[in-house]
Structure formats: C-alpha cells, structure tokens
Amino acid sequence: MKRTQHIATAAALAASAFLVSACSSGAPSDTTENAADGRPIVNEENWPQRTPTSGLTKDLVLPLEVYMVSYEDQVVVEQAASSLQQSCMKDYGIDLTLPRAGANPPPSDNDANIERRYGITDRVEAEKYGYELPPELQEHTKQSWRELSGAEVEVLTGHTKPEPRKDPTKVKAGERFVSPRQGTRPARAEYNGKKLKTGGCVGWSKEQLGVKEADSYTVAELAGNSLTQSMKDDTVVQAVAAWSSCMDGKGHKGLADPYKAMDQGVTNDGKPSQESITLAVDDIDCKKQTNLVTIWSDVESAIQDKQIADNRSRLTAIKEQHGKEIAAARDQLADSPDAS
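Residues numbered from 1 in each chain as written. Predicted model: local features only at pLDDT ≥ 70, side-chain atom pairs only at ≥ 80, totals over all residues. Heavy atoms only, no water.

Visitor: Help me understand the packing of helix α3 (residues 71–91) against helix α7 (residues 200–209) in this model?
Guide: Packed helix pairs are specified by the crossing angle of their axes together with the interaxial distance, meaning the distance between the axes. Two elements in contact, α3 and α7, have axes separated by 9 Å at closest approach and are oriented at 125°. As far as their axial angle goes, α7 and α3 are oblique. Note on packing geometry: the crossing formed by α3 with α7 is right-handed. Residue-level inspection shows V77, A80, A81, L84, Q85, C88 and M89 of α3 in contact with α7, the latter providing C201, V202, W204, S205, Q208 and L209. Here the contact of α3 with α7 is built from residues that sort into ten nonpolar, three polar and no charged. (Axes fitted to C-alpha atoms, helices over the stretch in contact; angles between N-to-C directions. Helix = DSSP H or I, 4+ residues; strand = E, 2+ residues; numbered from the N terminus. Parallel < 35°, antiparallel > 145°, perpendicular 65-115°, else oblique. Left-handed = near helix turned anticlockwise from the far one by under 90°. Contact = heavy atoms within 4.5 Å. Nonpolar A, V, L, I, M, F, W, Y, C, P; charged D, E, K, R; others polar.)

Spelled out as structure tokens, the structure:
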C-alpha cells in the first residue's frame with residue numbers, strides 16, 4: 001500500500017514541478033550541455049506518448065486523464081514562463097538565460113503513469129531492460145547557467161538568496177535558490193531604480209500566464225486515491241492473487257503484488273541483470289495470462305467515473321483553467337520567436 005501511495009505522490013510532484021523548474025535550479029551544473037556529444041539538449045523523440053502504443057496498456061486511458069496536463073503542454077507553459085522571466089530580468093538590466101524546457105522527459109505523459117501504474121507492462125522493453133527505464137530516459141541532460149548574485153536572486157524570485165547548506169552534498173536539485181524553507185526573507189523593494197515585482201519575475205510570469213497552482217495536486221490526488229481503492233476491490237484482489245500464484249509457479253516465491261516484483265527487480269546500478277530480466281518477462285507473462293491489467297484498469301476506471309461525477313464542477317474548472325494557461329503560453333511563445 002505504501003508503495004502504491006508513493007507512486008501516486010511521485011507522479012503528482014513530477015507533474016507540478018514544471019511550473020517552477022526553470023527558476024528553481026540555482027547553481028550552474030557540474031557538466032555542460034549534452035549538445036557537445038552530438039545529442040540535442042531537447043529531443044522530442046524521447047518525449048512520452050500521450051497514450052501507450054505497445055504493451056499490455058496499449059491504447060489504455062483512464063477517465064481522470066482527461067483532466068491531466070500532458071507533458072507536451074507542461075513544456076509549453078514552462079517555455080513561456082522562462083521567456084517571460086528572461087524578459088523581466090532584462091528590464092532590470094540583468095541578462096539571464098534559463099535552462100531550456102523539455103530536456104529531461106519523464107517516462108509517462110501525465111500523472112496517471114499508466115505504463116507502470118499496475119507494474120511493468122511492455123514485454124519488448126522488459127526483454128531488454130528488465131525493470132529499468134530505457135537508457136535514453138536514464139540519462140540526465142544538465143544545462144549550465146551562471147551563478148546569480150544575491151540581488152539577482154531577489155529580482156528573479158522575490159526573496160533573498162538562501163544561505164548555502166553546511167553540507168553541500170545534501171542539497172537537493174532545485175533547492176539552491178528558491179526554497180523558502182531555507183530561511184529566506186522578502187526581497188528588497190527595488191533594483192536599478194525599478195520596483196521589484198510581487199514574487200519577483202517568477203511570480204510575474206505566472207501572473208501573465210494566468211497560472212494558478214492551488215489545484216495543481218487535485219487530479220493527481222484523486223488518481224492516487226482511485227488506485228488505492230482499486231487495490232481493495234475483491235475482483236482486483238483475486239486477480240492479483242492469481243498473478244502471484246502464476247509467478248510462484250515460475251519460481252518467483254512470495255511476491256504479493258506487482259509492486260513487490262518491481263522492488264525486487266530494480267537493480268542498484270540501473271543496469272538489468274539476467275535475473276531481473278527473467279523476473280520482468282515472467283511478471284508480464286503472468287499479467288497477460290491472468291488478464292490482470294484489464295481487470296484492474298476496469299475496476300479503477302469505474303472508481304474514477306464516480307470520482308468525476310462527485311467532483312464534476314471542480315474538475316471542469318481545473319480543465320478550463322489548464323486550457324487558458326496553455327493557450328496563454330502558446331500566445332506568448334508566438335510573440336517571442338526567440339523564446340527557448
């Protein structure tokens with residue numbers, strides 16, 4: 001159960017992070033752009049498909065996905081926000097190039113994480129990588145950008161530059177500049193004779209795009225709850241038990257559910273062993289034999305249909321808000337041909 005909740009929470013965090021990612025990594029990276037080795041910084045070929053095109057989840061869409069923002073649209077909003085923030089900084093006499101959006105795509109298009117929602121589901125990938133992600137999704141493109149002065153951080157974020165951690169090895173990505181938890185204070189009133197904007201250039205960019213973050217977790221939370229509820233359904237319990245029995249028959253003892261198999265199959269170094277590949281292939285074969293993914297997704301879809309009915313006005317408003325933000329972002333990018 002904790003594993004399931006962790007998956008749902010991680011998906012929610014990943015999806016919401018795009019709104020601040022362009023301004024949240026405050027230190028230059030320790031490597032240069034991957035463009036140097038012949039790979040583009042942003043490679044759309046590595047972006048996830050909106051709907052799975054292979055495996056046991058091929059063409060599978062859960063009802064709540066209608067209210068989730070796709071990765072492509074997330075990137076559009078982030079690109080527009082970065083463009084606005086750079087323009088805003090320039091108005092204060094500060095030349096700043098922010099990292100480009102879309103350089104490090106997630107393995108799934110939205111919060112549903114449908115490809116691995118019920119454990120791994122693609123046999124072709126399992127034969128190559130076991131439980132690991134494909135190599136192109138394990139690589140991390142680091143984009144270097146210059147260290148900002150204290151004043152520049154204030155103009156960008158609307159608060160002071162956090163004090164460095166005593167132990168820099170414990171600094172998490174994205175915490176260096178814009179984590180209020182690190183004892184920041186409100187920014188100065190003005191810079192270069194100009195009044196600072198509320199929330200700095202970051203806050204201003206969100207205002208220009210009409211971004212509202214209050215409901216950023218709502219749909220992800222509902223999806224997390226539907227997954228948790230589905231696991232308690234008798235039909236799903238029986239299907240999982242049948243899968244476990246199938247795995248037991250293949251020599252994989254004591255696996256209560258597909259998440260346990262994932263925990264066991266993931267390797268420490270990210271490189272699949274033959275044992276993990278065998279486990280992964282057997283895992284998917286047992287899912288297919290027991291029809292687990294179809295049974296589980298059908299049950300969860302029914303739960304989500306009820307969630308939608310119970311929260312229709314709120315979800316409709318969220319969907320409309322997402323649409324306004326994306327439209328505003330596309331308009332912004334159309335007016336800024338040099339936007340990254």
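Having seen the structure, we can now continue with the description.
Visitor: I keep staring at the packing of helix α9 (residues 234–249) against helix α11 (residues 274–290) and nothing clicks. Help me out?
Guide: The geometry of α9 relative to α11 is characterised by a closest axis approach of 9 Å and an angle of 135° between their N-to-C directions. With respect to their mutual orientation, α9 and α11 come out oblique. Judged by the sense of rotation from one axis to the other, the crossing of α9 with α11 is right-handed. Every residue of α11 that contacts α9 at A239, A242, W243, C246 and M247 is listed here: L279, D282, D283, C286, K287, Q289 and T290. A per-class count over the contact of α9 with α11 returns seven nonpolar, two polar and three charged.

Visitor: Can you walk me through the pattern of salt bridges in this structure?
Guide: When the charged atoms of two side chains lie near each other, side chains of opposite charge can form a pair. Scanning the entire structure with this criterion turns up twelve salt bridges. In this structure, E147 engages K161 in a salt bridge whose closest nitrogen and oxygen atoms are separated by 3.0 Å. Residue E147 is located in the loop between α5 (135–138) and α6 (150–157), and its partner K161 is located in the loop between α6 and β1 (190–191); the two are separated by 14 residues in the primary sequence. With a relative accessible area of 31%, E147 lands in the partly exposed category. (Salt bridge = Lys/Arg side-chain N within 4 Å of Asp/Glu carboxyl O. Buried < 20%, exposed > 50% of the residue type's maximum accessible area, 1.4 Å probe, protein only.)

Visitor: Any chance you could explain the packing of aromatic side chains here in plain terms?
Guide: How two aromatic rings sit relative to each other is set out by the distance from centre to centre and by the angle between their planes. Under the criterion given, the structure shown has three aromatic pairs. Summarising the aromatic geometry, the rings of Y118 and W296 are spaced 4.9 Å apart at their centres and angled 40° between planes, so their arrangement reads as tilted. With Y118 in the loop between α3 and α4 (123–129) and W296 in helix α12 (residues 292–310), the pair connects residues that are 178 residues apart, well separated along the chain. With a centroid separation of 6.0 Å and an interplanar angle of 65°, the aromatic rings of Y259 and W296 are classed as edge-to-face. Note that Y259 is positioned in helix α10 (residues 258–265) and W296 in helix α12, a separation of 37 residues in sequence. A relative accessible area of 1% means that W296 is categorised as buried. A cation sits over an aromatic face here: K194 above Y92, 5.0 Å from the ring centre. One cation-aromatic arrangement involves K319 over Y67; the distance from NZ or CZ to the ring centre is 5.9 Å. (Phe/Tyr/Trp six-rings, centres within 6.5 Å; stacked < 30°, edge-to-face > 60°. Lys NZ or Arg CZ within 6 Å of the ring centre and 35° of its normal.)

Visitor: Which parts of the structure should I look at to understand the nonpolar core?
Guide: Across soluble globular proteins, you tend to see nonpolar side chains buried next to one another. Within the largest apolar cluster, 30 residues are counted, with the highest numbers of intra-cluster contacts made by Y118, Y131, W243 and W296. When near neighbours in sequence (up to four residues on either side) are disregarded, W296 contacts Y118, L227, S230, M231, V236, V240, P258 and Y259. (Core = buried A, V, L, I, M, F, W, Y, C linked by side-chain atoms within 4.5 Å.)

Visitor: Honestly, the state of the cysteines in this entry has me stumped. Any pointers?
Guide: Each disulfide consists of a covalent bond between the sulfur atoms of two cysteine residues. Following the criterion strictly, the structure yields two disulfides and no others. Note that C88 is cross-linked by a disulfide to C201, the S-S spacing being 2.0 Å. Its torsion about the S-S bond being -75°, the disulfide of C88 and C201 is classed as left-handed. Of this pair, C88 sits in helix α3 while C201 sits in helix α7, and the two are 113 residues apart along the sequence. When its relative accessible area of 0% is taken as the criterion, C88 is described as buried. Here C201 falls in the buried class, since its relative accessible area comes to 0%. (Disulfide = S-S within 2.5 Å.)

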